[in-house]
Structure formats: structure tokens, C-alpha cells
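Summary of structural features
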Amino acid sequence: MKFISTILVLFLIVHTSRAQSCSIKLSGHVEDADTKEKLQVATVIIRETAKEIVTDAAGDFVFTGLCAGEYTILITHPSCNPVERKITLTKDHHIDVWLPHSRQVLGVVKVDAQKGIANTGYKKELSGRALEETKGLSLAEALSKINGVTMLQTGSTISKPVIHGLHSNRILTINYGVRQEGQQWGNEHAPEIDPFIADKLIVIKGVDELRYGSDAIGGVILVEPKALRSKPGYAAEINTAYFSNNRQYVASALFEQQLKKQPAFSYRVQGTYKRGANVATPNYRLNNTGNEENNFSLTAGWKKEKFNTELFYSHFSGKMGIFTGAHIGNLTDLQNAINASRPNDVFLGQNTYKIQRPYQDVTHDLLKSKSFFYRGEHKFTVLLAAQFNRRKEFDIVRSSNNKKPQLDLSIYTLSEELSWEHPRKNNFSGVAGISMMQQDNSYRGRYFIPNYFAYSFGGYYIEKWSKHKWELLAGIRYDNKSINTTRLKFNRDTINYDFNFSTLASSFNAIYKPTNNWRLNTNISLANRAPFVNELLSDGIHHGTGTYEKGNLALVPERSLNISTGVNYQHPSNIFSIDLLLYSNRIRNFIYQQPRPNDPVLTIAGAFPLIEYKQTDAVLSGFDISTMVKPLPAVEWISKFSFLNARNKMLNDWLILMPANRFSNEITYQLKDGKKITNTYLSAEMMNVMQQKNVPGEENGKQDYKLPPPAYTLISLNASATVPVYKKPVTVSVGVRNLLNTVYRDYLNSMRYFTDEMGRNISLRLKIQL
């Protein structure tokens, strides 16, 4: 019945409008607001279509083949501050843009939300319509819409991003300019970030990584909120969503204002509440798989001509149930559960929001201060941040009077950063910076990782040269990290281990634009990642994954050489585009998790599969390709294919737990705006995930507890339209994931040993702008 209702909604939306003709032309002229110079080679980007063009010698540009609708235009130039403008197109239109002359000049490595990030090296962005379709989902689920990004999952409600086969500590997540620090080493330790704060999500690799650390072997994820208001007045936005599978509902609200009497001051308040019941597969419902989140953030800014400062605070609180069928009491029952085609009925059937043991309770607080000072054409930035992360893990216990967590992890982090950007001279512009971090990690309850103090300091230097059709970017970074660990044994003795790691990273990137429509890019990056505490010293139950993990004191830093080449072409009329990326990442001393199927561990809390940390030399190579075709003005067809080979060079075998190859096709049909109904579209997507056949052989013993699951195909639908309600725009969106209610399991989901994935899930979203 739910499926029929969804189809009826889609049918009604289709017949409220007619197909539109996408033949609108947008022209413009760009000048320096201070010098009145006509700006040649200014970059003009339409965010919603990702179409990019540069201005000619007269400072002019022209986009053709645009559909009617709302667009966000970003205009950047090396000598000026970027400007972002929103426009509504119903017919041919011309805009004149005056860019303020810049006191900061390194636009290619800017990470301020209000400035934007230029497209240098590997950069993929999720924004606009694509981001709106992910509202209510996790950060990893949203990022998985980007080609080359997949998910590492623990059940259907906990996930973290995987970029070209790498995840966890090899990927840095930058939340509003601050490196996210928590217990991110765990497979089930998802980033503690509310996706509703983001105006765009960006994945970068290459030279730009050096601003954040030398250990970003897999890449950097930027969570970028939109800029604070730049003109007096206020605005508000309300987002709500409902998901049928687990009756999950989400409500998020935002209010922002710039004071008329004090225009230098702006602020924003944002909050989100999410709650979901137990998840249903196509054939059964999984007990204790509910989730709940309470999040809010506050931003305040003061902006003057030569001084800007901003204060940001965010709080994340989440409670996630762990499927009870993954926590087994003895070795025989554990093996039977892994071998069974479905979980025991005792773990199935409850349709409730109640979360019982086992579950996790996670909080994360971030306080950040960022200030900009200008001295002539030089810019100085000071960033100070404090974070507190707490993760409590509750096991099944015999006594109902026991309310304590079995493991209580806390981590305090202080970080400081100072950077300097020098003005553009002789086609060169650059930035240099130093950073420090202090970290205190403690635990109570059963042992998994020791208490430790960590201290790190580092510095980087990045320089850019650009002229005509060429852009060259190079950088270097050094980091030193000291770790002092303490473990208290049962006999009250202590065991101490101290580590000191120095890591060096460098990167070079070259971009050549033979025409406005072609872009060629090559990058070579060297990176080093020191082993993390859990990889060295873990020895206990990893709660969320239902495994027993053992660290390895003999681990040494990973050393990565990553070479990539990209080609991008966009037809002048925006009827066709292609984006191709080839990459090869050679990693010496690659750290990986090796299952030991023949050695499960029996503890007082039950029986658990054993996972050990090992090291090898590895090569991860592959390619991502995506194409966009408009066979008709109102029809857009996007195809994506992601391919990865991951080899263990020491054993001359495949690496374990790598994403399977996948491809997808999505067709979008844009409808003509009516008198009241606008921005209407329908889309259908088919995603095919192949079976992961490139897994280690058993010449060196059994490698996994279960063979990789078969290939699967998922079909998704989305429809959206905006209607006026009391003269306020209200956007209504309907979506269906796993339309055919396909039974499947994913190789990168640790719960694949026990259960199927989520079945059909119908979503309804409302967005109200005030």
C-alpha cells in the first residue's frame, strides 16, 4: 500500500507541470570593484549544474542551454575576494559582478565557507539538489553519492565514509575548519557531525590536504556550513523528514540574523532531532536497531574591514542500538549464527523505538574561535579549538540494576593553528602555517585501549603559480607526534608504552586548461601515517562490531605514494560532460585488520570473532568515471562507474575488506514551472554493486568467517516540487530506496555475518524557508 501511495504521489507531481525547454542564456560581466579593471580568467561556477567557465579578455562570460529555476553563481579571481550570488532564471538574463579587491590571495586552498574552494586537484562536491536528497541521512550516506566514495557499515544505522578503499584514520574530517577528533578509529565510530549544518560536503585529495595533516592518505572531507548573513535582516529554515522502514522522523531548524543597528555582527542558531525505530529487512525486523540524536550549534561573527572573527559551538548526542543477534554467548552459537541464512527468531520482530542493551551513547562538543587579521596585502589567521568526545558502550548484563557502561571512553583535544597568506606577486601566491594539538584519552570499565596523552606539532608551506592556461601547486608538511600510554593491570601494576613518530608529506599538482571546456590534472603525493593507539595496543571486545581485537606493537608508520591523473570535458551547451580519474596508491607498511576464523575468543561477555592488526605492502589502483548526457533539454542522464583493485604485495594476493566495484545510472526529468508549482523534477536511479571476488585465498589459512555476498541491484526514485504556502516557499520531496525490496548483504557491512540489509524505505521531506 505504501508503494502504491508513493507512485500516486509521483504521478500527481508529473501531471501538475509540463516539460520545459532548457534553452535559457545567462551572460555576465566581471570587474574589480576597487580598480575597475575588467577581470580576465575569472572563474564562474554554477553550483547546481557544476558547470564552470572563465571570463574572456573583456571580463565577459556566457552560459547557454540552462533550464528555468534557481541557481547559485560563484565568481572567483586570484586578485579578488569571491562573490556568490543567487539568481532565478525564467528567460535570458545578464548580470554585472564587481569583485572586492583581495587582501587574501590563495583562493585555491581557502576553506572558509564564505569564500569557497577553487577546483584544484581532486575535488568533488555534494551540494544543491544532490545534498537535499540526502537530508535526514548520515554523513557517510550523503557522501556515498559521490563517485569513488562508499560506506563502511555496522548495521543499517551506523556508517562511515570510504574513499578509494581507505577509511577511518586515513581520512581526515574537517568540521567547519577544525579537524574532527574523537574515537574515529573504530569501524562503527561514525563521524559525530550533524549533516544539517552543511551547505556543501567536499572531498579533496592532493596539495590541499597538507593544511590539515601529513596523514591524510585517503583524503580530506570538508563539512562546510553556508556563510553568515552579509546584509541586515533575518532568515529561517525548517526541514522535516520521515522514513517508512524504521518509522524514523527528523526535524531540523535554523535561524540567522544580521543586526541592522550593528551590521558587523551576525549569528546563527541551528538544531536537529532524529529518532528511528528498529530496522526491517525485506523478510524480518531486527531487534534493538533503533537510533536517536539531539544536536545543536551556535555561530556568531564580527566582521570589519581589517579584522574578522567567528565563534562556533556545536553539540552532538547520539544513542545507537546494536543488533542483539551479533552478541552471542558461546562459540557454538556464534558459528551457528554466522552459518545461518537468517538470525534466530528470538532476535527478530520487535517494532519499537526503545533501545536496550547492547547500545552506544556518544556525545561530541566542539568550541572554535577563528580570527582574521589583515596587514596590508598580507593575511593572518588564528584558529583555536577545544573538543570533548565521550563514548559509552553498554553490554548485555545479568542484573537489571547495573546501569553502568562496560566501557567509558573520553577524549579531550585542544588545537591551535596560525597561518599566513602572502599577496600575489609574479604569478605566485602562497600560504604557510604551524599547528599544535594536545590530547588526553582515558577509559573506565573493561580494557580496550589504554589511557594516553598525545602531543603533536607541525608546519606546512604551499605555493601556487598560475598563468594563462596553467596552474601549478606544490606543498610540503612535517608533523611530530608523541604518545604516552598507561594501562592499569588487575594486580594494580601499570604498563607504560611511549611512542614518538615523525612524518613528512609533500604534494605537487599541475592543471592545464587547453580550452574553456577541457581540464587536465595530474597529482603526485607522498604521505605518512603513524599507527594509532588502537592499532598498537587494543586488546579487548570491540563493542559495535561484535569482535575481539588485538593490536600489534611492531607496527611502523605507513608510507604512501599516490599518483593520479584526471580529465574533464564539458560541452559548451552543457549537453554532455565526462569526468575521468585514474589513480594508483602504493602504501608501504599498510596496516589492515585480519580476521582469524579458526581462533574465536570466549570472554565473560560471550564469544567473539578475533581480529588482528597486520602490516604489508599494498597497491590500491583504480578509476572513477562519470558522464552526463542531455538527450532532450528536460532530460539528464548521469552514469557513474567506480573500479578498485587492492593487492597485498607481500603475499601476492588480494587485500581483505575492500569495496566492490559498482556502477549506477540516474535519469532526471525536469518539468516546466507553473504559476504556483516550481522547481519540479523526477529522477530514477539504478545502482549495481558487483560481488567482491578479489578476496584473499586460503593458501595461508582461512581468511574470513564468510564468503563475500552476491552482487545486488538497487532502484531508487526521487521527486520534488516547490509550492507557495502563505506566500512562503515549501519544498515537498518524496523518495524510495530499494524500490523492489531486494534482499541483499553488503561486503563492507560487519553485520553481513548475521543479517540482511534494510528493505524498501520510503521518505517524505518538507523544507520551509522563511
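Residues numbered from 1 in each chain as written. Predicted model: local features only at pLDDT ≥ 70, side-chain atom pairs only at ≥ 80, totals over all residues. Heavy atoms only, no water.

On to the overall build of the protein, then. In terms of helices and strands, the protein carries five helices and 40 strands. Relative to the compact-globule value of 27 Å for 770 residues, the protein shows a C-alpha radius of gyration of 26 Å, a close match. Dimensions along the principal axes, computed over C-alpha positions, put the protein at roughly 75 × 60 × 55 Å. Counting every position in the protein, which comprises 770 residues, the buried fraction comes to 57%. When contacts within the protein are restricted to residue pairs at least 6 apart in sequence, those whose partners lie at least 24 apart make up 66%. Averaging the positions of the 91 positive and the 69 negative side-chain charges in the protein gives two centres separated by 4 Å. (Helix = DSSP H or I, 4+ residues; strand = E, 2+ residues; numbered from the N terminus. Rg over C-alpha atoms; globule rule 2.2 N^0.38 Å. Buried < 20%, exposed > 50% of the residue type's maximum accessible area, 1.4 Å probe, protein only. Contact = heavy atoms within 4.5 Å. Lys, Arg positive; Asp, Glu negative; His and termini not counted. Charge placed at Lys NZ, Arg CZ, Asp CG, Glu CD.)

To continue, consider the packing of aromatic side chains. In total, this model carries 24 aromatic pairs according to the counting rule given. Considering the side-chain rings of Tyr705 and Tyr753, the 5.8 Å spacing of their centres and the 80 degrees angle between planes classify their relative orientation as edge-to-face. Residue Tyr705 is found in the loop between β37 (678–689) and β38 (712–725), and its partner Tyr753 is found in the loop between β39 (728–737) and β40 (761–769); the two are separated by 48 residues along the sequence. The pair Tyr705 / Tyr753 is uniform in exposure class, with both members buried. (Phe/Tyr/Trp six-rings, centres within 6.5 Å; stacked < 30°, edge-to-face > 60°.)

We now examine the sheet that holds strand β15 (residues 219–224). What the five strands build is an open sheet, ordered β8-β14-β15-β12-β13; its pairing is mixed. Unpaired on one side and paired on the other, β8 (122–127) and β13 (178–179) mark the two borders of the sheet. (Pairing = 2+ DSSP bridges.)

Attention now moves to the pattern of salt bridges. Under the counting rule described, the total for this entry stands at 29 salt bridges. In this structure, Asp539 engages Lys550 in a salt bridge whose closest nitrogen and oxygen atoms are separated by 3.4 Å. Pair noted here: Asp539 is in strand β29 (residues 539–542) and Lys550 is in strand β30 (residues 547–550), with a separation of 11 residues, a long-range link. According to the relative accessible area criterion, Lys550 is partly exposed, its value standing at 33%. Within the structure, one salt-bridge network assembled from shared partners comprises Arg47, Glu84, Lys123 and Glu125. (Salt bridge = Lys/Arg side-chain N within 4 Å of Asp/Glu carboxyl O.)

Among the surface-exposed residues, Met436, Phe457, Tyr461, Ile476, Tyr478 and Leu504 lie close enough to one another that they form a single nonpolar patch of about 580 Å² accessible area. Taken together, the elements giving at least two residues each to the nonpolar patch come down to β25 (451–467) and β26 (470–488). With respect to the element layout, Phe457 can be found in strand β25. (Patch = residues over 30% accessible without salt bridge, like charges linked within 9 Å, V, L, I, M, F, W, Y side chains within 5 Å. Areas by Shrake-Rupley, 256 points an atom, 1.4 Å probe, with all protein chains shown as cover.)

What follows covers the nonpolar core. Leu143, Leu201, Val203, Phe590 and Leu620 are the most contacted members of the largest nonpolar core, which totals 36 residues. Looking at which element gives the most residues to this core, the answer is strand β32 (residues 576–603), with five residues. The contact partners of Leu201, leaving out residues within four places of it in the chain, are Lys124, Glu125, Leu126, Leu131, Leu139, Ala142, Leu143, Leu222 and Val223. (Core = buried A, V, L, I, M, F, W, Y, C linked by side-chain atoms within 4.5 Å.)

Within the secondary structure, Asp746 sits in the loop between β39 and β40. Despite its burial, Asp746 pairs with no opposite charge, the nearest such side chain being Arg662 at 4.5 Å. When neighbours within four sequence positions are excluded, Asp746 is seen to be in contact with Gln153, Arg662, Pro709, Tyr712, Arg752 and Glu757.

In this section: the pairing of β37. If a strand is regular, its side chains alternate between the two faces of the sheet. Here strand β36 (residues 662–670) pairs with β37 via nine bridges, running antiparallel. Note on β37: the bridge partner recorded for Asn665 is Met686. Looking at chain direction, β37 and β38 are connected through 10 bridges and run antiparallel. Note on β38: the bridge partner recorded for Met686 is Ile715.

With that settled, the discussion passes to the sheet that holds strand β1 (residues 24–32). A sheet is described by the order of its strands in space; here three strands give the open sequence β4-β1-β7, paired in mixed fashion. Looking at the sheet topology across the chains shown, the edges are occupied by β4 (60–66) and β7 (93–99). Geometrically, the sheet is characterised by an average inter-axis angle of 20 degrees between neighbouring strands, direction not taken into account. As judged from the five bridges shared by β1 and β4, these two strands associate in the antiparallel manner. Of the residues in β4, the one forming a bridge with Gly28 is Phe61. (Axes fitted to C-alpha atoms, helices over the stretch in contact; angles between N-to-C directions.)

Residue position: Ser482 is located in strand β26. Between the alpha carbons of Ser482 and Asn516 there is a distance of 48 Å; along the sequence they are 34 residues apart. With sequence-adjacent residues up to four places away left out, Ser482 is seen in contact with Phe453, Ala454, Tyr455, Phe499 and Asn500.

Let us look at unusual backbone geometry. Look at the link from Arg357 to Pro358: it is a cis peptide, with omega at 0 degrees. Residue placement: Pro358 occurs in the loop between α4 (331–339) and β21 (359–375). If you check the backbone angles, His468 has positive phi at about 55 degrees while not being a glycine. Although it is not a glycine, Asn574 adopts a positive phi angle of roughly 60 degrees. Mapped onto the elements of the fold, Asn574 is located in the loop between β31 (558–570) and β32.

Looking now at the environment of Phe428. Mapped onto the elements, Phe428 comes out in strand β24 (residues 428–445). On the basis of relative accessible area, Phe428 is assigned to the partly exposed category, the value being 38%. For the pair formed by Phe428 and Pro78, sequence separation is 350 residues and the distance between their alpha carbons is 9.9 Å. Filtering out sequence-adjacent residues up to four positions away, Phe428 remains in contact with His422, Pro423, Glu463, Lys464 and Trp465.

Spacing of three or four residues puts side chains on the same side of an α-helix, whose turn is 3.6 residues. Three or more residues of α4 are buried, namely Leu334, Ala337 and Ile338. Looking straight down α4, one finds its buried side chains confined to an arc of 95 degrees; they lie on one side. In α4, the exposed positions angled more than 90 degrees off the buried face are occupied by Thr332 and Asn339. (Arc of directions from axis to C-beta.)

All right, on to the confidence of the model for the protein then. Summarising the model, the protein shows a mean pLDDT of 88, and 92% of its residues fall at 70 or more. Residue range residues 1–20 is modelled with pLDDT below 50. Its contacts to residues more than four positions away, or to other chains, number 39 contacts. Here residues 103–120 is modelled with pLDDT under 50, and outside its nearest four sequence neighbours on either side it reaches 72 contacts, counting other chains as well. (pLDDT = per-residue confidence, 0-100.)

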